[in-house]
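An overview of the molecular structure
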Amino acid sequence: MGKYDDRCDTTTIISLLKRGRTFRDLPMRICFIGDSFVNGTGDDDCLGWPGRLCAEARSRGYDITLYNLGIRRDTSGDVARRWEREAAARLPVELDGRLVFSFGVNDCVLDRGLPRILEEETLANARRILERARTTWPTLMVGPPCAGEAALDERVSRLSGRLDALCRVLSVPYLPIFPRLAGAEVWRMEARRGDGIHPNRGGYTLLHQAVLDWPPWRDWVT
């Protein structure tokens, strides 16, 4: 299930183990922070990929509390301004708190002919977020998905690659999901049937499966 450090409530751990429980029973709180794809916009089940991930873990006995902190239209700059305050309010130091970030598509959307956030600024925001986050809580990052518009997807794909490189430098596990989703018919079909950008349950299930199979996530819940 991952390592427990001095942020955990030792009394709680000892009490559980004395009653024959295991580390699987220890409470874990996970904040998923990002944009509308984190929020699960367009999903008729209102779960998105974070809800599906945590439901699967809970079905195997893990005591996980999910906080979905995805906000529609949020850029990396928006996330940088809010994430630490929101995480600190939900992850008390005595419990096992974790963070999963995913953002970038909104940065690449054009506004008056220019990306809402220039690529170098996105990388600077991501560095600032991740450098701070990793010193406080175990942290993962899931890359931005495809958006279904050719020119936008070209920018998102390039940004995803650069975020991957940045995360390698920072030793933050990064999952590049763009290639997997860009070739997925269910993602494209559901987006076309919806608002043109966001999928429905099939697309989010596909994204959920990609994260579920990812070793850094599995290290948290196995």
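Definitions and limits used
Residues numbered from 1 in each chain as written. Predicted model: local features only at pLDDT ≥ 70, side-chain atom pairs only at ≥ 80, totals over all residues. Heavy atoms only, no water. Salt bridge = Lys/Arg side-chain N within 4 Å of Asp/Glu carboxyl O. Buried < 20%, exposed > 50% of the residue type's maximum accessible area, 1.4 Å probe, protein only. Pairing = 2+ DSSP bridges. Helix = DSSP H or I, 4+ residues; strand = E, 2+ residues; numbered from the N terminus. Arc of directions from axis to C-beta. Contact = heavy atoms within 4.5 Å.

**Details of the pattern of salt bridges**
- Considering all chains together, one arrives at 18 salt bridges under this definition.
- In this structure, Arg-58 and Asp-63 form a salt bridge, with 3.6 Å as the shortest nitrogen-oxygen distance.
- Among the salt bridges present, the one from Asp-74 reaches Arg-82, with a minimum N-O distance of 2.7 Å.
- By relative accessible area, which is 7% here, Arg-82 ends up buried.
- Among the charged side chains, a salt-bridge network with shared partners connects Asp-43, Asp-45, Arg-52 and Arg-201.

**As for the sheet that holds strand S6 (residues 139–142)**
- In spatial order, the strands read S2-S1-S3-S6-S7; together these 5 strands make up an open sheet with parallel pairing. A single partner strand is all that each edge strand has here, and the edge strands are strand S2 (64–70) and strand S7 (174–175).
- Here strand S3 (residues 96–102) pairs with S6 via 3 bridges, running parallel. The residue bridging Val-100 from the neighbouring strand is Leu-140, located in S6.

**Here we look at the pairing of strand S1 (residues 28–34)**
- Across the 7 residues that make up S1, a large majority, 6, are buried.
- Where S1 and S2 come together, 7 bridges link them in parallel fashion. Within S2, the position partnered with Met-28 by the bridge is Ile-64.
- Bridging between S1 and S3 involves 7 bridges; their strand directions are parallel. The residue bridging Arg-29 from the neighbouring strand is Gly-97, located in S3.

**Some words on helix H9 (residues 185–193)**
- Here H9 has its buried residues at Trp-187, Glu-190 and Ala-191. Across the axial projection of H9, the buried residues extend over an arc of 100°, all falling on one side. Along H9, exposed side chains directed more than 90 degrees from the buried face belong to Arg-192 and Arg-193.
- On its buried side, H9 packs onto helix H2 (36–39), helix H8 (178–182) and helix H10 (201–212).

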